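Now for the letters of each chain:
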Amino acid sequence: MRICGKRIRELREERGYSLQDLAQRAEVSVSYLSEIERGAKRPSLKTLDKVARALNLPREQLIEVGSEGGLAPGERIRLLRERSGKNLNALAEAAGISVSYLSEIERGNVYPAIDTLRKITAALEVPLSLVIGTGGSLGHKMRLAREERGLTQAELARAAGVSAGLIGQIEQGKVQPSLKTLEKVGSVLDISPCYFIAEDAGVDEVLNQMSPEIRQLLMEPQVQSVLRLICNCSEAELRFILNFIQLYKRSH
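Definitions and limits used
- Residues numbered from 1 in each chain as written.
- Predicted model: local features only at pLDDT ≥ 70, side-chain atom pairs only at ≥ 80, totals over all residues.
- Heavy atoms only, no water.
- Core = buried A, V, L, I, M, F, W, Y, C linked by side-chain atoms within 4.5 Å.
- Buried < 20%, exposed > 50% of the residue type's maximum accessible area, 1.4 Å probe, protein only.
- Helix = DSSP H or I, 4+ residues; strand = E, 2+ residues; numbered from the N terminus.
- Contact = heavy atoms within 4.5 Å.
- Axes fitted to C-alpha atoms, helices over the stretch in contact; angles between N-to-C directions.
- Parallel < 35°, antiparallel > 145°, perpendicular 65-115°, else oblique.
- Nonpolar A, V, L, I, M, F, W, Y, C, P; charged D, E, K, R; others polar.
- Patch = residues over 30% accessible without salt bridge, like charges linked within 9 Å, V, L, I, M, F, W, Y side chains within 5 Å.
- Areas by Shrake-Rupley, 256 points an atom, 1.4 Å probe, with all protein chains shown as cover.
- Salt bridge = Lys/Arg side-chain N within 4 Å of Asp/Glu carboxyl O.
- pLDDT = per-residue confidence, 0-100.

Within the largest apolar cluster, 18 residues are counted, with the highest numbers of intra-cluster contacts made by Ile77, Leu91, Ile97, Leu102 and Ile120. Looking at this core, the elements with two or more residues in it are helix H5 (73–84), helix H6 (88–95), helix H7 (99–106), helix H8 (114–124) and helix H9 (129–132). Leaving out residues up to four positions away in the same chain, Ile77 has contacts with Leu91, Leu102, Ile105, Glu106, Leu117, Ile120, Leu124 and Val131.

A few words now on the packing of H6 against H7. Contact geometry for H6 and H7: axes closest at 9 Å, N-to-C directions at 110°. When the axes of H6 and H7 are compared, the pair comes out roughly perpendicular. On the side of H6, the interface is formed by Leu88, Asn89, Leu91 and Ala92, while H7 contributes Val99, Leu102, Ser103 and Glu106. Looking at the contact of H6 with H7 residue by residue, the class counts come to five nonpolar, two polar and one charged.

The next thing to look at is a nonpolar patch on the surface. A surface patch of nonpolar side chains, about 620 Å² in accessible area, is lined by Leu238, Phe240, Leu242, Phe244, Ile245 and Tyr248. Structurally, Leu238 can be placed in helix H18 (residues 235–251). We classify Leu238 as partly exposed; its relative accessible area is 33%.

If you check the backbone angles, Glu27 has positive phi at about 60° while not being a glycine. Inspection of the secondary structure puts Glu27 in the loop between helix H2 (19–26) and helix H3 (30–38). The class of Glu27 is exposed, set by a relative accessible area of 63%. A positive phi angle, near 60°, is found at Glu125, a position not held by glycine. Relative to the helices and strands, Glu125 is located in the loop between H8 and H9.

Should pLDDT be low for a region, the predicted coordinates there are not to be read in detail. Across the protein chain, pLDDT averages 79, with 83% of residues at or above 70. Per-element confidence in the protein chain is highest for H6, whose mean pLDDT is 95, and lowest for helix H15 (residues 203–209), whose mean pLDDT is 52. Counting contacts from residues 65–70, a segment whose pLDDT is below 50, to residues more than four positions away or on other chains yields nine contacts.

Considering the arrangement of structural elements, one finds Glu37 in helix H3. With residues up to four places along the chain from it excluded, the contact list for Glu37 reads Gly5, Lys6, Ile8, Arg9, Arg12 and Leu19.

Right, here's the structure in full:
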């Protein structure tokens with residue numbers, strides 16, 4: 001398990017917190033927090049929980065995914081289950097799967113279908129993105145879109161005019177497809193190729209990072225009116241707004 005210090009720093013800066021602000025909120029020393037952000041120190045789970053609470057987000061979002069030592073989906077499910085206070089039997093029953101199958105998933109012996117992951121995360125009351133990783137990899141996104149449309153790898157490959165082996169390798173993250181391949185697959189799935197390569201976090205994850213007060217504020221009619229205006233902004237206008245927000249947060 002690798003703690004992503006860079007991610008902690010980015011989230012801290014997004015919230016307009018200085019090192020001193022976050023250290024005080026998390027009840028840790030400034031020097032220790034600085035070392036965590038630089039990757040010089042590996043915090044205990046207890047300290048990580050304090051930092052996560054100070055940032056108002058789940059501990060799992062501070063753990064690096066996709067690199068050696070990162071958390072696999074099964075490990076994430078186990079952490080989320082333990083955090084919710086559920087045992088294997090309780091989660092398996094709530095998700096409608098067998099205890100032995102859930103145990104195999106948590107140990108990393110099997111990788112379940114997206115539909116099964118949805119049942120598990122629904123039972124845990126967390127977004128799917130917390131299990132499959134931030135924003136989802138290209139392969140995860142392709143598998144998700146394929147299974148939502150009820151297609152097998154072979155069916156998708158045949159419709160897209162590529163080999164089933166290539167689809168399998170893409171979904172497993174073993175090969176990086178060309179833009180031409182993504183266009184063919186996207187055409188079959190009725191999805192823009194941009195969906196597969198975009199690094200932006202999903203809506204569930206963005207909302208999950210917000211405090212309850214901010215989520216409530218977004219429901220107010222005046223705020224929604226402003227959001228509708230933003231939808232009609234040009235690129236230059238939107239960049240001006242974003243730069244103004246960053247300037248305001250730095251000055252405060």
